[in-house]
Each structure stands twice: as structure tokens, then as C-alpha cells.
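Coordinate analysis (summary)
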Protein chains: 2
Amino acid sequence: MTMSRIAKIAGVSVATVSRALNYPEKVRPELRNRILEIARQYNYVYHAAAADLKRQKSNAIGVLFPTTIGPLFAETLMAIQEKIQEHHMALIVGNTMYSKAEEARLVKQFQERRVAGIIFTGYGLGQENLIRNLMRQNIFCVVTYENLEDTDINYVGFDNFKAAYDATNYLISLRHKRIGLIIGPYRKMGRLLKRFKGYQQALKDHGIQFDAALVVSTEPGLLEGKQAMRQLLHLPEPPSAVFAVSDHLAIGALSSIKQAGFQVPGDISLIGFDGVELAAYCDPPLTTVRVPARDMGRLATEVLMKSINNGVKRAMQYCLDADLIIRKSCSELK
Amino acid sequence: MTMSRIAKIAGVSVATVSRALNYPEKVRPELRNRILEIARQYNYVYHAAAADLKRQKSNAIGVLFPTTIGPLFAETLMAIQEKIQEHHMALIVGNTMYSKAEEARLVKQFQERRVAGIIFTGYGLGQENLIRNLMRQNIFCVVTYENLEDTDINYVGFDNFKAAYDATNYLISLRHKRIGLIIGPYRKMGRLLKRFKGYQQALKDHGIQFDAALVVSTEPGLLEGKQAMRQLLHLPEPPSAVFAVSDHLAIGALSSIKQAGFQVPGDISLIGFDGVELAAYCDPPLTTVRVPARDMGRLATEVLMKSINNGVKRAMQYCLDADLIIRKSCSELK
DNA sequence: TTGTAAGCGTTATCAG
DNA sequence: CTGATAACGCTTACAA
């Protein structure tokens, strides 16, 4: 069933049918209802591709994630979804699996579908140019989880440096001096690099010598956290506190510590990062840094919608707060 | 940039450009390369909507989830993604938030985009007719996480009844008789209902009287698991073992048990459901039922692709295994 | 191997 | 308030 068939049945023109469907107020109520009724009867389904073609844009927006496994990104995705559905738009997602090639493929797919905008989540290093290119093609972009230096790109992030600084600082305030760091592949990811630097800076500001042996960089994941912790435990002089830069890593580390027969926080203090709900249910409940995953998703979507509706304006940039949530996995060094 | 502009520049017809892009072998190599080169130079981007319109179908497929929060669905989604990307198709996702209205909206959106197929994940009760309708409109469907009675609908599920039966049975084999059940809203969800029945049947088969006081139905979630367990703990005669029908529920329950000063499995045996990686990192590591989340995603996508490519055939139905993973959270009743 | 030409179902402009 | 009509960018018989 198409508009023109409906038009024929109703004895009106396609234009009128289109209007009845899209701008109800532009059609005489009686006629409008008759058209709508016929559409319903014949199970008419709007053909989005045809409209997109004519209008030269779609109402779909694309979202790029490294992966949606892991509660953080998943929460952000849900928030995006909700907002997008409010705006009656469609969502195309892609998981890049942290691969540049995959990302390129997905961006191309988005372009082919003429998405109105793209949200980059958990964005890699050095893709500003990709984004500028997209913007030049009238595809609006927002990046989340990062706060960029660039002043021309929309972002909704949080201060990764400060968040890591605060966490490390907290450990230091508890008199810890040998503080281990378990972190993802920070050389490849801007936000991880910033966290790494936050850790270093906190050490420096308190006159603690940075010790490369205390940092282990690994893939994210429970098992990896466990292995990393084991490595730390086997050091000649193991740390008295560990900052695991994701709750998953921390949970893995926790199991490793327990398995080795140590207590948390009695023997080793442990702090996570992300603030997933689960952290509160660990034994002991995990002190962590709460990343505003949901808020970022919401805000990023709003920013995107505004860009789309207002056309090119100057970039909107938001840096949200990431708060330290103190629970029971850290204690003062005796 | 469009095909016809490229055609003009290359001094050929649109048809040739289209062929050069879509069926490279149908164009003389030299000419093809010239066209491709021009396309690249001018940054040509294929217009998927136009093609969809002409072809009367799109290469997008839709996936419906209740929510992607929670590692299980997220894993299935990732598996689907991977497969879909292999087939160079696009993925449109929707979270129904367990709402019929949202689901209807999303299905409509999928139809408007003329998706080639839809994967229903974590499907609610009584939607067979919705699916049959879709099938009548040439939209192929697969449902996952369920094994349907209907013989005309594709599904890739696992035996929810048997999985729950086995878990309960295991507890019984450990001499438990008062076995609590913490379960989601099973009255609304087919697969939960089946698990509930599996639990009941196992009891019955061993001559254990079903006691409604021992089952608490709740929303899924950590907090809910905790509260449900508290409720069970306050029973005049609390259970000696608890079957929590999701690992999240189980982890919540675990924290509740510990908080009340009891030991797992010493005082209370606990078994989860889902088999998320995390369960292995609990203290104690959680015995659970492993749901083949990833395999279901993969297979469901393959089934869908086959349906799409082969046109209407008879339904493909797969029932995968859900295995009991025995770890340390259950012990024999003393 | 390549070209011609007719649409696909909408939207939007312009006229009535 | 309504109608006629020309695109939008692509695919695909069919013809050359």
C-alpha cells in the first residue's frame, strides 16, 4: 500500500495524503480522518527510504561504541535510546571492537544511510579529522566519554584526568605510598591516557616517586584484572593499595587478592573506576569513581539534536562530574 | 556527488557506474577502474535509501531487546553484530524496556525502514501473531531465548524448563528440601514461566511439597535480589538453598546472606542462572546455569540470513544447551 | 560490454 | 485547502 493508492481510493491527490499524514493541521479534519481511516484499513506503512531520498536526509542517527559488553557503555546506550525515541528518530548502532577498520566501515555505512548525526562513544585517539570531515558533509557529531582540547567539536565528557587524580589522591590521603595501577591500553585511548596522567600527577604532587613496576597495562576484563593483580602481588615489594581503572579490572583484582590469602582493605586497599552498580555488591563493597554514563548519553543526544535542528553553530562542550564513591575497600595504611 | 554526476564525468551512463560499483565483473576492468577512481576523487558516497527504494527492500535488519543493560543481552547483541557485519548489513536496534507499546513503536519503525528481518530477543508472551503478521509482509523473523511451541516460527533458544529443572535437581541431589526461588516477573515472560515450572517439576519428581512462601517474584536487578533474599531469610523456616534465576539476582542475594551473617555455602547454598563471567569472580564463585547467549546471537543471525536469502521456507528451530556450571556456592545439606 | 529509460514512494513547489 | 507535477538517486529490463 502506498500513498498514491490511498489517494486513489480516497479520491484525492497524493499530496493531500502526504499532508494528512505529516501535517494533519493542513488538511480539513473531515477529509483527514477519512484518509487516516483508509490508511489504517489497508495497513499502510510509511516508506521511510522514499522520504529520506526526497528530503535528502534521514531521521536516523548512528552511534558508535567500542563494545556494548560492560555495563557502562550499555547504560549510555540505553540513555541515548530513550532520548532518541522521544524525538521519534531511529538508531543505528555499531560496535567497533576497538578496531579502526571496523570504525571506518561503520562510519561509511552511516554516511550511506545519510544519518542526521553520529555519536562517538569511547572514542579513540586522533580521530578529530574524521569528525571534521563528517561535519563538512553536514553530519553532526558528538563525542562522549572524553573532553577534547579542540574547540570545534561537540563533546559531553567528564574530566578523566581529575577523576584519576582524585582517586589516587584519596589513596595517598590514607597514607599509601606504594600505589599500584591496573589500567587498560592507555597508549591507544585518550581517556585512559588522561587517567594515567592523573595518577602520575597525584603522586608527583605529594612527592611520591613514580615506579613503573607498579603499573600494569592490560586489556580490560575480569580475567585480565586478576592476572594483573597477581603480577603486582609477586613484586618484591608489592603495593599497599591498588587503583584499578575499571570496576571489572578491580573485581578481577579483588578475587586475586583474596585467593592469595590477603584481606581487602586490611592488607591491600583497592579502588575501582566506573561506578557500576555491581561494585556496591562486592565483598567488601568497592570504593570507586562514578562515571556519569547515563547522563552523558542523555546529554550527548540532546546536544546532537540541537545541532541538527539549529544547523551549524559553535560547538557545545560539557564536562560532567565523576565523583568518588567511598565504600569499604580502602583503609588507612598502618 | 551522485552516480549520474560520476557518469557524466567519466563519459559513461549511470547504469555503467552502478554496475562498476555493484557488479565489478560486469564492467571492462579498465573502464571500471576509471569510474572507481573518479568516485574516490569526488568522495562519492552511495545512497542507500535510493537503492532501498528502488529495490523495495533494505539491507538493514532490526533487533529488539528488552534492555541491553545486563551482560547477557549485551553479549547476544555483540554476537549478532559481528555476524551482521560479516554480511555487510546494517543493524537497527531497539530497547523495548519490557513495554508492549514501545515494542509496537519499534516494530513499526522497522517496517517503515523496510528491514529485511527482525530478531526478537527476550521475547514476551503471546506475540506469535505479531510475528506472523510481519512474516506475511515478507519480513523474516527469528526469536531467541525461547523455544516456542509453534512450528511455523524461527527460533534459536534453549530449554528453559530443563535448565531450571537441572539446577533444582542439583540442589535436591545435595539433599536440600527447602529450596527458595528468586525469579523475575514470570507471569509476563514465557521463558521465566518455563523456568518456574522446571523448578516445580523437579520438586514434584522428588516428592517435595511446593511451598509458595519460598518463591519470591521480583524485578530483575541486584537490589531486588538482595531484598528478595532478605525476605526469604526472615521466613519462620528459611530455605537451606536458594535458586536465583539470574546471576544478578544471585549476586544481590549473596550480599544479603553475608550481611545477615550467614555463610555460603555453609549455611545456605546458592545457585544462579545465566553464567555471566562475573559469577566466577564472586566469593564464593557462583554455581550457575550457563545460557548460550553468544551462540544464540550468532545462530539466530545465521538463521535470519538464510531465511532472507532462501525466501520462505519452513521454520528453522534450534534448541541449544544450557549447562550447569558447578562452582563453590552449593554444598550438601548436613 | 554499454546505454536507454522507466520507475520505486515520497515531498515540495506552484498554481488554482 | 487541494491538486498536478517534478524531482530525489538508484536499479534493472531491454535494447543496441
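Residues numbered from 1 in each chain as written. Chains lettered and ligands numbered in written order. Predicted model: local features only at pLDDT ≥ 70, side-chain atom pairs only at ≥ 80, totals over all residues. Heavy atoms only, no water.

Another point: unusual backbone geometry. Put simply, D283(A) and P284(A) share a cis peptide bond, and its omega is 0°. Structurally, P284(A) is set in the loop between β9 (269–271) and β10 (288–290). Located in the positive-phi region is Y98(B), a residue other than glycine, with phi close to 60°. Residue placement: Y98(B) occurs in the loop between β2 (90–95) and α6 (100–112). A relative accessible area of 40% means that Y98(B) is categorised as partly exposed. One non-glycine residue, D274(B), lies in the positive phi region at around 130°. Relative to the helices and strands, D274(B) is located in the loop between β9 (269–271) and β10 (288–290). (Helix = DSSP H or I, 4+ residues; strand = E, 2+ residues; numbered from the N terminus. Buried < 20%, exposed > 50% of the residue type's maximum accessible area, 1.4 Å probe, protein only.)

Below, the discussion takes up the packing of helix α1 (residues 3–10) of chain B against helix α2 (residues 14–22) of chain B. All names here are of chain B. Contact geometry of α1 with α2 gives a least axis separation of 8 Å together with a crossing angle of 105°. Classed by the angle they form, the pair α1 and α2 counts as roughly perpendicular. Facing α1, whose interface residues are M3, S4, I6 and A7, α2 presents V14, V17, S18 and L21. Residue composition of the contact of α1 with α2, grouped by class: six nonpolar, two polar and no charged. (Axes fitted to C-alpha atoms, helices over the stretch in contact; angles between N-to-C directions. Parallel < 35°, antiparallel > 145°, perpendicular 65-115°, else oblique. Contact = heavy atoms within 4.5 Å. Nonpolar A, V, L, I, M, F, W, Y, C, P; charged D, E, K, R; others polar.)

Lining the immediate environment of DNA strand D, one finds 25 residues, of which T16(A), M3(B), S18(B), Y44(B) and Y46(B) sit closest. Of all elements in the fold, only α2 (14–22) and α4 (48–55) of chain A together with α2 and α4 (48–55) of chain B reach the threshold of two or more residues within the surface near DNA strand D. For the surface near DNA strand D, the residue count by class is 12 nonpolar, eight polar and five charged. (Near = heavy atom within 4 Å.)

Here the focus is the packing of aromatic side chains. Throughout the structure, instances matching the rule amount to 17 aromatic pairs over all chains. Summarising the aromatic geometry, the rings of Y145(A) and F158(A) are spaced 6.5 Å apart at their centres and angled 70° between planes, so their arrangement reads as edge-to-face. Separated by 13 residues along the polypeptide, Y145(A) in the loop between β4 (140–144) and β5 (155–158) and F158(A) in strand β5 bring together distant segments of the chain. F158(A) sits in the buried class, given a relative accessible area of 0%. Pairing Y186(B) with F196(B) gives two aromatic rings, centres 4.3 Å apart and planes at 15°, and the pair type is stacked. Remark: F196(B) occurs in helix α9 (residues 190–205) and Y186(B) occurs in the loop between β6 (179–183) and α9; sequence separation between them is 10 residues. Residues Y186(B) and F196(B) agree in their burial class; the two are buried. Every member of this aromatic cluster is reached through a ring pair, and the members are F65(B), F73(B), Y145(B), F158(B), F243(B) and F273(B). Against the face of Y23(A) rests K26(A), its NZ or CZ located 5.5 Å from the ring centre. (Phe/Tyr/Trp six-rings, centres within 6.5 Å; stacked < 30°, edge-to-face > 60°. Lys NZ or Arg CZ within 6 Å of the ring centre and 35° of its normal.)

We now examine the sheet that holds strand β8 (residues 241–244) of chain A. All names here are of chain A. Read from one edge of the open sheet, four strands run β7-β6-β8-β9, paired in parallel fashion. Taken across any chain shown, the strands that pair with only one partner, and hence form the sheet edges, are β7 (215–217) and β9. For this sheet the average axis-to-axis angle between neighbouring strands, irrespective of direction, equals 15°. Along the sheet, helix α8 (residues 160–173) contacts β6 (179–183), β8 and β9; its crossing angle with β8, the most-contacted strand, is approximately 165°. Across the face of the sheet, helix α11 (residues 247–259) comes into contact with β6, β8 and β9 while running at roughly 160° to β9. (Pairing = 2+ DSSP bridges.)

Time to look at the sheet that holds β9(B). Residue and element names in this part refer to chain B. The strand order across the open sheet built from four strands is β7-β6-β8-β9, with neighbouring strands paired in parallel fashion. Whereas interior strands pair on both sides, the edge strands pair on one side only; in this sheet they are β7 (215–217) and β9. Between one strand axis and the next, the sheet turns by 15° as a mean value, whatever way the strands run. When β6 meets strand β8 (residues 241–244), the two strands line up parallel, connected through four bridges. Bridging across to β8, I182 finds its partner in A244. Along the sheet face, α9 touches β6, β7 and β8 and points at about 175° away from the line of β6.

Attention now moves to helix α9 (residues 190–205) of chain A. Residue and element names in this part refer to chain A. When the terminal C-alpha atoms of α9 are compared, their 22 Å separation across 16 residues agrees well with the 22 Å that a helix rising 1.5 Å per residue should span. Every buried residue belonging to α9 is among G190, R191, L192, R195, F196, G198, Y199, A202 and L203, and all of these are buried. Elements that come into contact with the buried residues of α9 comprise α5 (71–86), β5, α8, β6, β7 and β8. Directly after α9, the chain includes G207, whose backbone phi takes a positive value near 65°. (Expected span 1.5 Å × (residues − 1).)

Bringing the packing of α4(A) against α4(B) into the picture now. Packing of α4(A) against α4(B) brings their axes to within 8 Å, and their N-to-C directions diverge by 135°. As far as their axial angle goes, α4(B) and α4(A) are oblique. Here the hand of the crossing between α4(A) and α4(B) comes out left-handed. Contacts between α4(A) and α4(B) involve A49(A), A50(A), D52(A) and L53(A) from the former and A49(B), A50(B), D52(B) and L53(B) from the latter. Residue classes in the contact of α4(A) with α4(B) are distributed as six nonpolar, no polar and two charged. (Left-handed = near helix turned anticlockwise from the far one by under 90°.)

Moving on: the domain arrangement of chain A. The domain architecture assigned to chain A consists of domain 1 (3–46), domain 2 (58–158 + 293–320) and domain 3 (160–291). Each of domain 1 of chain A and domain 3 of chain A was reduced to a C-alpha centroid, and the two centroids are 62 Å apart. (Domains from an automatic or database assignment.)

With that settled, the discussion passes to the pattern of salt bridges. For the structure shown, the criterion picks out 38 salt bridges over all chains. Put simply, E75(B) and R294(B) hold a salt bridge, and the shortest N to O gap is 3.7 Å. With E75(B) in helix α5 (residues 71–86) and R294(B) in helix α12 (residues 293–310), this pair connects stretches of sequence that are 219 residues apart. Among the salt bridges present, the one from K162(B) reaches D166(B), with a minimum N-O distance of 3.1 Å. Of this pair, K162(B) and D166(B) both sit in helix α8 (residues 160–173), four residues apart, which is roughly one turn of the helix. A relative accessible area of 26% means that D166(B) is categorised as partly exposed. Because the salt bridges share partners, they merge into one network encompassing E75(A), E82(A) and R294(A). (Salt bridge = Lys/Arg side-chain N within 4 Å of Asp/Glu carboxyl O.)

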